[in-house]
Amino acid sequence: MFFMNIEVLHEKALALSKTYRESESALLDVLMELLKDNGFFRLGYPNLFVYCTSALSLSEAQACYFSKVAKKSEEVPELKMAIEQGVISLSQARRSCRSLRRKRQARGLRRQLSFLNAN
């Protein structure tokens, strides 16, 4: 009986993990739209980071991740695509933001994505 309970918990954890990743990607989509239209400013927030911490009650670390990745995804759409496809996490994308340069890095990211999708 104990083993079955572990299996049920494991299945639940897998489902929640998938939902978490999908929610992360969906929230990034919305934040990118707000960023593009300066929607956070019209709502009374000076920047996306403050909007994330104040309005959405995200931690400062989470707000930083989302802000950086949203901004960089505007420049390099392949970054957002990689998150949507589950190739990289938001945390991995944030670490990539510093090194990504528009065209040269986008080509490299495209190559990585095609390699990962082929395997």
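Keep in mind the model is a prediction, meaning the values are calculated, not measured. Think of each chain on its own: its residues are numbered from 1, step by step along the sequence as written. Residue-level local features of this predicted model are given only where pLDDT is at least 70; pairs of side-chain atoms are given and counted only at 80 or more, and the full residue set underlies all totals for whole chains, interfaces and linings. Side-chain metrics rest on all non-hydrogen atoms present in the structure, leaving aside hydrogens and water.

Before going further, it helps to spend a moment on the nonpolar core. By nonpolar core we mean a set of buried residues, namely Ala, Val, Leu, Ile, Met, Phe, Trp, Tyr and Cys, connected to one another through side-chain atoms within 4.5 Å. Buried means the residue's accessible area, taken with a 1.4 Å probe over protein chains only, is under 20% of the maximum for its type, while exposed means over 50%, and partly exposed covers the values in between. Counting residues in hydrophobic clusters, the biggest one holds 22 residues, and the most contacted among them are Leu 28, Leu 31, Leu 48, Val 69, Leu 79 and Ile 83. Counting residues per element, the ones that place at least two in this core are helix H1 (2–36), helix H3 (48–55), helix H4 (60–75), helix H5 (77–84) and helix H6 (90–97). With 5 residues, the top contributor of residues to this core is H1. We call two residues in contact whenever any of their non-hydrogen atoms come within 4.5 Å of each other. Among residues more than four places away in sequence, those in contact with Leu 31 are Leu 48, Tyr 51, Cys 52, Leu 56 and Phe 66. Secondary structure elements follow DSSP: runs of H or I no shorter than four residues count as helices, runs of E no shorter than two count as strands, and numbering proceeds from the N terminus.

Every residue gets a pLDDT, meaning the predictor's confidence in that residue, from 0 to 100. On average, residues of the protein score 85 in pLDDT, and 81% of them reach the 70 mark or higher. Per-element mean pLDDT across the protein ranges from 58 in helix H7 (residues 102–118) up to 97 in H3.

Glancing now at the packing of H4 against H5. Throughout, an axis means a line fitted to C-alpha atoms (over the contacting stretch in the case of helices), and angles, computed between N-to-C directions, take values from 0 to 180 degrees. In the contact formed by H4 and H5, the axes pass within 5 Å of each other and the chain directions differ by 120 degrees. The angle between H4 and H5 places the two elements in the oblique class. Mapping the contact onto sequence places Val 69, Lys 72, Ser 73, Glu 74 and Glu 75 in H4 and Pro 77, Leu 79, Lys 80 and Ile 83 in H5. For the contact of H4 with H5, the class distribution of residues is 4 nonpolar, 1 polar and 4 charged. Roughly parallel here means an angle under 35 degrees, roughly antiparallel means over 145, roughly perpendicular means 65 to 115, and every remaining angle is called oblique. Basically, the charged four are Asp, Glu, Lys and Arg, the nonpolar ten are Ala, Val, Leu, Ile, Met, Phe, Trp, Tyr, Cys and Pro, and anything else, Gly included, counts as polar.

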